[in-house]
Amino acid sequence: MAIVRHWYLLLLLSAAGLCSCDGGRLSVVSSDFGTLSTGEQTTLYTLTNRSGARMTVCDYGARIVSIQVPDRDGVLGDVVVGYGDIASFEKGAERFMGCVIGRYGNRINHASFSIDGQKYELVPNELRDGVPVQCHGGPEGFDRFVWESTPLQEKDRVGVRFQRVSPDGEQGYPGNLNCSVTYWWTEENVCRIEYEATTDRPTVVNLSNHTVFNLKGPGDRYVMNHLMQVESDTYVLANRQLCPDRLLPVEGSPFDFRQMRRVDYRLDNYADEQLRIANGMSGCWIIRDWDGSLRKVVDLYAPESGRGVVTLSTEPAFLTFTGRTFDGSQIGKCGPMEKYCGMLLETFHVADSPNQPEFPSTVLRPGETYSSITEWHFYVK
């Protein structure tokens, strides 16, 4: 563990040096990130803009490892909570840190769905109230694979494209799914994520990214005093399988973030059913007037650091998880990950949509292209 923290300290020192220099270079640099227990080699990519702000991504799970952006004093800090070494990403207790989740992000109830009258049984990885559930693509989801990678560089942005073919029958899903995820890092400190997929059989697809954020910076242990505003009038009440039970208005609930509020502003109001079911603040919102265009979803801001991030997406729903299951036993790149140390900014289709036709369809057919975009616009004030 000392080696891991030494690696991360060097990363922070390097970022601080970049921040203090003028006339930096837009670049994408690859480096060895270590070996998996399977013997597979992994690669870390560092995407740096001319200001010195940067993000790092790796090919194992096509995941985000860090994002270094300035605070109001111009000091770079990593706003991503999680691991910093390949062994922890592979074997750590928090499996999904920073990764692409798929084929289906979030849960499918009863670990099954039907397309055109044909039922498909998925490989479950949860049992909730006696009911099998598949979560985030199953026990061998997209996060468990080394993706093919291609570095990219354009005039005002750098990136990496990750690609893999999910074979017919993987975790129970029909069709060979050819998918790509491209991360771009721009001169304006924008992370743009582009997802694309095609299939040779009707299937379902719902890709997202599972990065945990704390905008105060490295080592902070509490994210719930961040301010958040969500473009939504409706939230999802979950059932015992943490799949949608019904939609409720946010007005009068702890999930009313139509105006900027502290994330924990009604955390102790456990009379609320969703807070009780989720055992804390974890919620999913339906985006107001969703039409599939790229639009604002949520604004998150940390007054202590002055860092903020506006999330834009083409997706119909937004979910946050606030680290309520962390207990300090999980050791990240900055030490123990404690309860409420970070939160998701996850955009996707609603859980269990293949079984709930009132939600937008997640079915992809041959000849069609699944396309989804999410952007994180980092700012400071």
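The structure displayed is predicted, hence computed values, not measured ones.

*Asks:* Is there a simple way to explain the overall build of the protein chain in this structure?
*Replies:* A tally of helices and strands in the protein chain yields 3 helices and 33 strands. Taken over C-alpha atoms, the radius of gyration comes to 20 Å for the protein chain, in line with the 21 Å a tight globule of 381 residues would show. Seen along its three principal axes, the alpha-carbon backbone of the protein chain occupies a region of about 60 × 45 × 40 Å. Looking at the 381 residues of the protein chain, the share that counts as buried comes to 60%. The contacts of the protein chain with a sequence gap of at least 6 include a subset with a gap of at least 24, amounting to 67%. Roughly 14,600 Å² of accessible area belongs to the protein chain as shown, and the carbon and sulfur atoms make up 49% of that amount. With 37 positive and 48 negative side-chain charges, the protein chain shows a separation of 3 Å between the mean positions of the two kinds.

*Asks:* Would you mind going over the sheet that holds strand S27 (residues 317-321) with me for this structure?
*Replies:* Within a beta sheet, neighbouring strands are joined by backbone hydrogen bonds and run either parallel or antiparallel to one another. The strand order across the open sheet formed by 5 strands is S22-S21-S24-S27-S31, and the pairing between neighbours is antiparallel. Here the strands that pair on one side only, and so sit at the sheet edges, are strand S22 (244-249) and strand S31 (346-348). Averaged over all pairs of adjacent strands, the angle between strand axes in this sheet comes to 30 degrees, irrespective of strand direction. In the sheet, strand S21 (residues 234-238) pairs with S22 via 5 bridges, with the strands oriented antiparallel. The residue bridging Leu-237 from the neighbouring strand is Arg-246, located in S22.

*Asks:* Where do I start with empty space enclosed by the protein in this structure?
*Replies:* Take a probe with the size of a water molecule and roll it over the atoms, and the empty space left behind shows itself. A complete count under the given rule lists 2 cavities of 30 Å³ or more for this structure. The volume enclosed by the largest cavity comes to roughly 140 Å³. In this structure, the largest cavity is lined by 18 residues; those nearest its centre are Val-81, Gly-82, Gly-219, Asp-220 and Cys-334. Elements supplying a minimum of two residues to the lining of the largest cavity: strand S6 (80-81) and strand S29 (335-337). In terms of residue count, the dominant contributor to the lining of the largest cavity is S29 (3 residues). For the lining of the largest cavity, the residue count by class is 8 nonpolar, 6 polar and 4 charged. Secondary structure elements with two or more residues in the lining of the second largest cavity: strand S4 (63-70) and S6. A breakdown of the residues in the lining of the second largest cavity according to their chemical character gives 7 nonpolar, 2 polar and no charged.

*Asks:* Please clarify how the side chain of Glu-170 should be interpreted in this entry.
*Replies:* Within the secondary structure, Glu-170 sits in the loop between strand S14 (157-166) and strand S15 (177-186). Side chain to side chain, Glu-170 and Arg-164 meet in a polar contact 3.0 Å long. A polar side-chain atom of Glu-170 sits 2.4 Å from a polar atom in the side chain of Ser-166. In contact with Glu-170, other than residues within four places in its own chain, are Phe-142, Phe-145 and Arg-164.

*Asks:* Could you clarify how one ought to interpret the sheet that holds strand S33 (residues 370-380) in this entry?
*Replies:* With antiparallel pairing, 9 strands are arranged side by side in an open sheet as S13-S14-S15-S16-S33-S26-S25-S20-S23. Unpaired on one side and paired on the other, strand S13 (148-153) and strand S23 (261-262) mark the two borders of the sheet. Strand direction decides the pairing type here: S15 and strand S16 (residues 190-199), joined by 9 bridges, are antiparallel. By the bridge assignment, Asn-178 is partnered in S16 with Thr-198.

*Asks:* Looking at this structure, I do not really get the nonpolar core. What am I missing?
*Replies:* For soluble globular proteins, nonpolar side chains are generally found buried alongside one another. Within the largest apolar cluster, 59 residues are counted, with the highest numbers of intra-cluster contacts made by Ile-67, Tyr-183, Trp-185, Met-228 and Phe-378. For this core, the element with the most residues is S15, which contributes 5 residues. Ignoring anything within four residues of it in the chain, the contact list for Phe-378 reads Ile-67, Val-69, Val-79, Trp-185, Glu-188, Asn-189, Phe-213, Leu-215, Gly-308 and Val-309. Ranked by size, the runner-up nonpolar core spans 25 residues in total, among them Phe-33, Leu-36, Val-65 and Met-97.

*Asks:* Help me out: how do you make sense of the packing of aromatic side chains in this one?
*Replies:* The description of an aromatic ring pair rests on the distance of the ring centres and on the angle between the ring planes. All told, the structure shown has 18 aromatic pairs when counted by the stated rule. Measuring from centroid to centroid gives 6.0 Å for Phe-162 and Tyr-183, while their planes differ by 75 degrees, and the two rings are edge-to-face. Residue Phe-162 is found in strand S14, and its partner Tyr-183 is found in strand S15; the two are separated by 21 residues along the sequence. Each member of the pair, Phe-162 as well as Tyr-183, is classed as buried. With a centroid separation of 6.3 Å and 50 degrees between ring planes, the pair formed by Phe-213 and Phe-378 is classed as tilted. Placement of the pair is Phe-213 in strand S19 (residues 212-213) and Phe-378 in strand S33, with a sequence separation of 165 residues. With relative accessibility at 8%, the residue Phe-378 sits in the buried group. Its guanidinium or amino end placed over the ring of Tyr-301, Lys-381 lies 4.7 Å from that ring's centre, counting from NZ or CZ.

*Asks:* Sorry if this is basic, but what is going on with the pattern of salt bridges here?
*Replies:* In total, this model carries 24 salt bridges according to the counting rule given. Here Arg-192 and Glu-194 are joined by a salt bridge, their closest N and O atoms 2.7 Å apart. For the residue pair Arg-192 and Glu-194, the accessibility class agrees, reading buried in each case. Among the salt bridges present, the one from Glu-375 reaches Arg-192, with a minimum N-O distance of 2.5 Å. Of this pair, Glu-375 sits in strand S33 while Arg-192 is found in strand S16, placing the two residues 183 residues apart along the sequence. When sorted by exposure, Glu-375 lands in the same class as Arg-192, which is buried. When salt bridges with common partners are traced through the structure, they connect Glu-231, Asp-233, Arg-288 and Lys-296 into a single cluster.

*Asks:* Mind showing me how you'd approach the pairing of strand S24 (residues 282-286) here?
*Replies:* It is a general feature of regular strands that their side chains alternate between the two faces of the sheet. Counting buried positions along S24 yields 5 of 5 residues, so the element is predominantly enclosed. The alternating pattern of S24 places Ser-282, Cys-284 and Ile-286 and Gly-283 and Trp-285 on opposite faces, both of which are buried. Here S21 runs beside S24; their pairing, made up of 2 bridges, is antiparallel. The partner of Thr-234 across the bridge, within S24, is Ile-286.

Rules and cut-offs
Residues numbered from 1 in each chain as written. Predicted model: local features only at pLDDT ≥ 70, side-chain atom pairs only at ≥ 80, totals over all residues. Heavy atoms only, no water. Helix = DSSP H or I, 4+ residues; strand = E, 2+ residues; numbered from the N terminus. Rg over C-alpha atoms; globule rule 2.2 N^0.38 Å. Buried < 20%, exposed > 50% of the residue type's maximum accessible area, 1.4 Å probe, protein only. Contact = heavy atoms within 4.5 Å. Areas by Shrake-Rupley, 256 points an atom, 1.4 Å probe, with all protein chains shown as cover. Lys, Arg positive; Asp, Glu negative; His and termini not counted. Charge placed at Lys NZ, Arg CZ, Asp CG, Glu CD. Pairing = 2+ DSSP bridges. Axes fitted to C-alpha atoms, helices over the stretch in contact; angles between N-to-C directions. 1 Å grid on protein atoms, 1.4 Å probe; cavity = no way out; pocket = protein on both sides within 12 Å on 5 of 7 lines; lining within 4 Å. Points joined across faces, edges and corners; volume = space filled by probe spheres on them. Nonpolar A, V, L, I, M, F, W, Y, C, P; charged D, E, K, R; others polar. Polar contact = N/O pair within 3.5 Å; in protein donor to acceptor, adjacent residues only side chain to side chain. Core = buried A, V, L, I, M, F, W, Y, C linked by side-chain atoms within 4.5 Å. Phe/Tyr/Trp six-rings, centres within 6.5 Å; stacked < 30°, edge-to-face > 60°. Lys NZ or Arg CZ within 6 Å of the ring centre and 35° of its normal. Salt bridge = Lys/Arg side-chain N within 4 Å of Asp/Glu carboxyl O.

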